[in-house]
Amino acid sequence: MTATQPSTDRSARETFASLNPATGEQIATFDIHSEADVRAAVERAKRAAAWWAGLGEPTRRQRLRNWRALLVRRTDELAALITQENGKPTGDAILEVTIAIAHLSWATGHARRVLGRRPVLPGLLAINHTATCEYLPYGVVGVIGPWNYPVHTPLGSISYALAAGNAVVFKPSEFTPAVGSWLVESFAEVVPEQPVFQLVTGYGPTGAALCTAGVDKLAFTGSATTGRTVMAACAQDLIPCVIECGGKDPLVVAADADLDLAAEQAVWGAMFNAGQTCAGVERAYVERSVYAEFAAKVVQQAGQLQPGQQYGPITMPSQLTVIARHIDDALNRGGRALAGGRDSVQPPYVNPVVLAGVPEDCPAVTDETFGPTLVLTEVADEQEAVAKANAGRYGLGASVFSRSRGGAIARRLDAGMVSINAVLPYAGIPGLPWGGSKDSGFGRIHGPDGLREFARSRVITRQWFVLPLRLTTFDRPRHAIGQLKQLARLRWGSRQRGV
Ligand code: NAD
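Below is a short write-up of the structure. As the structure is a computational prediction, the values presented were derived from the model and not from experiment.

### Digging into the sheet that holds strand S3 (residues 118-120)
Taken together, the three strands give an open sheet; going across it, the order is S3-S4-S22, and neighbouring strands pair in antiparallel fashion. Taken across any chain shown, the strands that pair with only one partner, and hence form the sheet edges, are S3 and strand S22 (455-463). Averaged over all pairs of adjacent strands, the angle between strand axes in this sheet comes to 30°, irrespective of strand direction.

Structure below.
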């Protein structure tokens, strides 16, 4: 048994294989961990959590910086494994790892400032007290991850949870267990003493077991359907959870947009990573006066993309059916294919697809397609663009292209993250919170909110002297409440002028 793996008798275990989505070749096999295995891992994590918390923030910071340095040194090795298991091109894999390192660095460097003890002004009613607030680790955080960004996405929870002083038990997607295992083993090289960061592997039931295995907090990233199941499981023991789900992100092109930039970013946002990005661009609302020109630029650029070169295969074979269904349905209901079409699904690849004139209630507009597809819709004006962009059941990210109206439009978009004149920059800005609303989930990873997501507040107050006006005692003098009312009138009773 190593510090990172649940103890198992491998001969008696059920296993599953991780496959290369481009070739179908087997990469490795992994145990399907049972409920008992997961529970045992969480038990070990509890002891490790006490040890990790007890090290203190400066020592944890040092260890996490060592892990950061290891990740930098071995980026190529990790990126190669991502390419093998997820299918994305090496350049995109290196970009993913580098963004994840930036987050680890930020979480490590800011944990003390964000979570450390700080004085809080006591206010009028407790003027004889001092007060402090600090954020303590939960203990053991369970992290359940997806496969589309097998490093960046789970580390968005794991790095922040570790920096906040928790131990982590990680259940990676069944499509990317080798990447998950690499992360856990590399961490054990810099923290060999205790299983502070452990791996459990398997399918949905292993993830379900993690929700009820005694973790103190659960961080889930995946589909909204699974998110609901996870939340219901966590509810049994009132385990707090952060739920990061999918999106159907809109892009708005205003009449005064830089159309070259907008088209280039729309095609990138829709099609990099084969469109398998939770906050990728799936639909574009374009003002009428620039629609034809924008559409022509998008079609021209999308037509130059080569699956297998600029982006990889569809990682999860079942998604090919979903993508084909969305395209078929859109075309059957009056939509037009400006690029690609029904034949674009060529397993395991999907050629770029640009659709137009698709009714707003088609799955291609309402549901996550998660393929290299983009739906273009012509709108009369900014109002219609905003209304249509906000109409969906997801609320993760959004982008707007405009030279003069960017801020005004962005503030009206109903999304957790909105970018102006670029797509997805917020993923690489570690100080910003990441997350959405509606079916995109709730809670936040990244930034100060992300650190606090993995910590609970503890306040301590101290009374320094007893006030003459004693309110919280059975010996309260008769006149005390009258004096309190007078005080409240003086302090808060005046009306605000002009309101
Ligand atoms: P998924 O919901 O199928 O699976 C996610 C994880 O949950 C996997 O590890 C899976 O094994 C596990 N799981 C399955 N059933 C479970 C259960 N009953 N209890 C506990 N765990 C269970 O999602 P996926 O296909 O792996 O990932 C793609 C989805 O993730 C897309 O919707 C995408 O938009 C979303 N995503 C969101 C973000 C974000 O930050 N908001 C980031 C990346 C991906």
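### Quick word on a nonpolar patch on the surface
A cluster of nonpolar side chains, Leu 125, Leu 487 and Trp 492, forms an exposed patch at the surface whose accessible area comes to about 320 Å². Examined against the element boundaries, Leu 487 turns out to sit in helix H16 (residues 480-492). A relative accessible area of 31% means that Leu 487 is categorised as partly exposed.

### With respect to the site of the ligand
As a structural note, the neighbourhood of the ligand is formed by 30 residues, with Glu 174, Ser 223, Thr 226, Cys 245 and Glu 368 the closest of them. At 2.8 Å, a backbone N or O of Gly 145 approaches an oxygen atom of the ligand. Between Gly 222 and the ligand, the recorded distance is 3.4 Å, taken from a backbone N or O atom to an oxygen atom. Surface burial for the ligand is 89%, taken as the share of its 860 Å² of free accessible area covered by protein chains. At the level of secondary structure, the elements contributing two or more residues to the shell around the ligand comprise helix H7 (204-211), strand S8 (217-221) and helix H8 (224-235).

### Section: the sheet that holds strand S15 (residues 353-356)
Spatially, the seven strands line up as an open sheet ordered S12-S15-S16-S11-S10-S18-S19, and their pairing is mixed. The open sheet has two free edges, formed respectively by strand S12 (336-339) and strand S19 (417-420), since each of these has just one partner strand. For this sheet, the mean inter-axis angle between neighbouring strands, taken without regard to orientation, is 25°. Here S12 pairs with S15 via three bridges, running antiparallel. By the bridge assignment for S15, Ala 339 is matched with Val 354.

### Here's the deal with the nonpolar core
Taken as a class, soluble globular proteins show a tendency for nonpolar side chains to be buried jointly. If you look at the biggest cluster of nonpolar residues, it comprises 63 residues, and the most contacted ones within it are Trp 67 and Phe 187. At 10 residues, the largest contribution of residues to this core is made by helix H4 (residues 90-115). Those residues in contact with Trp 67 that sit more than four places away from it in its chain are Leu 104, Leu 155, Leu 162, Leu 183, Ser 186, Phe 187, Val 190 and Phe 197. Counting residues in each nonpolar core, the second largest holds 56 residues, with Ala 254, Ala 266, Ala 274 and Val 350 among its members.

### Focus: the environment of Ala 427
Relative to the helices and strands, Ala 427 is located in the loop between S19 and strand S20 (437-438). Overall, the relative accessible area of 12% leaves Ala 427 in the buried class. As a C-alpha pair, Ala 427 and Ile 99 span 328 residues in sequence and 7.8 Å in three-dimensional space. In this structure, Ala 427 is in contact with Ile 99, His 103, His 152 and Trp 434, ignoring residues within four places of it in sequence.

### Looking at the pattern of salt bridges
Following the criterion strictly, the structure yields 24 salt bridges and no others. One salt bridge connects Arg 63 with Glu 193, and the closest N-O pair in it is separated by 2.6 Å. Taken as a pair, Arg 63 in helix H2 (residues 57-73) and Glu 193 in the loop between helix H6 (177-190) and strand S7 (197-199) lie far apart in primary sequence, 130 residues in all. Residue Arg 63 is classed as buried on the basis of its relative accessible area of 16%. Judged by relative accessible area, Glu 193 falls into the partly exposed class, the value being 41%. Several salt bridges converge on common partners, so that one network encompasses Arg 228, Asp 367, Arg 393 and Asp 439.

### Section: helix H5 (residues 152-163)
Compared with the 16 Å implied by 1.5 Å per residue over 12 residues, the 16 Å span of H5 between its first and last C-alpha is a close match. With 12 of 12 residues buried, H5 is to be regarded as a mostly interior element. Those residues of H5 lying buried are His 152, Thr 153, Pro 154, Leu 155, Gly 156, Ser 157, Ile 158, Ser 159, Tyr 160, Ala 161, Leu 162 and Ala 163. The first or second residue beyond H5 is Gly 165, which carries a positive phi of 100°.

### Some points on the environment of Gln 304
With respect to the secondary-structure elements, Gln 304 resides in the loop between helix H10 (288-303) and helix H11 (318-332). Separated by 129 residues in the primary sequence, Gln 304 and Phe 175 place their C-alpha atoms 29 Å from one another.

### Quick notes on the packing of H2 against H5
Here H2 crosses H5 at 150°, and the two axes come no closer than 10 Å. With respect to H5, the element H2 is oriented roughly antiparallel. Contacts between H2 and H5 involve Arg 60, Leu 64 and Trp 67 on the former and, on the latter, Leu 155, Leu 162 and Ala 163.

### Some points on the packing of helix H1 (residues 35-55) against H7
Two elements in contact, H1 and H7, have axes whose closest approach is 9 Å; the angle formed by their N-to-C orientations is 40°. Taken together, the axes of H1 and H7 are oblique relative to one another. Once H1 is placed against H7, the crossing between them reads as right-handed. The residues of H7 that touch H1, namely those facing Glu 35, Val 38 and Val 42, are Thr 206, Ala 209 and Leu 210. Considering only residue class, the contact of H1 with H7 consists of four nonpolar, one polar and one charged.

Rules and cut-offs
Residues numbered from 1 in each chain as written. Predicted model: local features only at pLDDT ≥ 70, side-chain atom pairs only at ≥ 80, totals over all residues. Heavy atoms only, no water. Pairing = 2+ DSSP bridges. Helix = DSSP H or I, 4+ residues; strand = E, 2+ residues; numbered from the N terminus. Axes fitted to C-alpha atoms, helices over the stretch in contact; angles between N-to-C directions. Patch = residues over 30% accessible without salt bridge, like charges linked within 9 Å, V, L, I, M, F, W, Y side chains within 5 Å. Areas by Shrake-Rupley, 256 points an atom, 1.4 Å probe, with all protein chains shown as cover. Salt bridge = Lys/Arg side-chain N within 4 Å of Asp/Glu carboxyl O. Buried < 20%, exposed > 50% of the residue type's maximum accessible area, 1.4 Å probe, protein only. Near = heavy atom within 4 Å. Polar contact = N/O pair within 3.5 Å; in protein donor to acceptor, adjacent residues only side chain to side chain. Core = buried A, V, L, I, M, F, W, Y, C linked by side-chain atoms within 4.5 Å. Contact = heavy atoms within 4.5 Å. Expected span 1.5 Å × (residues − 1). Parallel < 35°, antiparallel > 145°, perpendicular 65-115°, else oblique. Left-handed = near helix turned anticlockwise from the far one by under 90°. Nonpolar A, V, L, I, M, F, W, Y, C, P; charged D, E, K, R; others polar.

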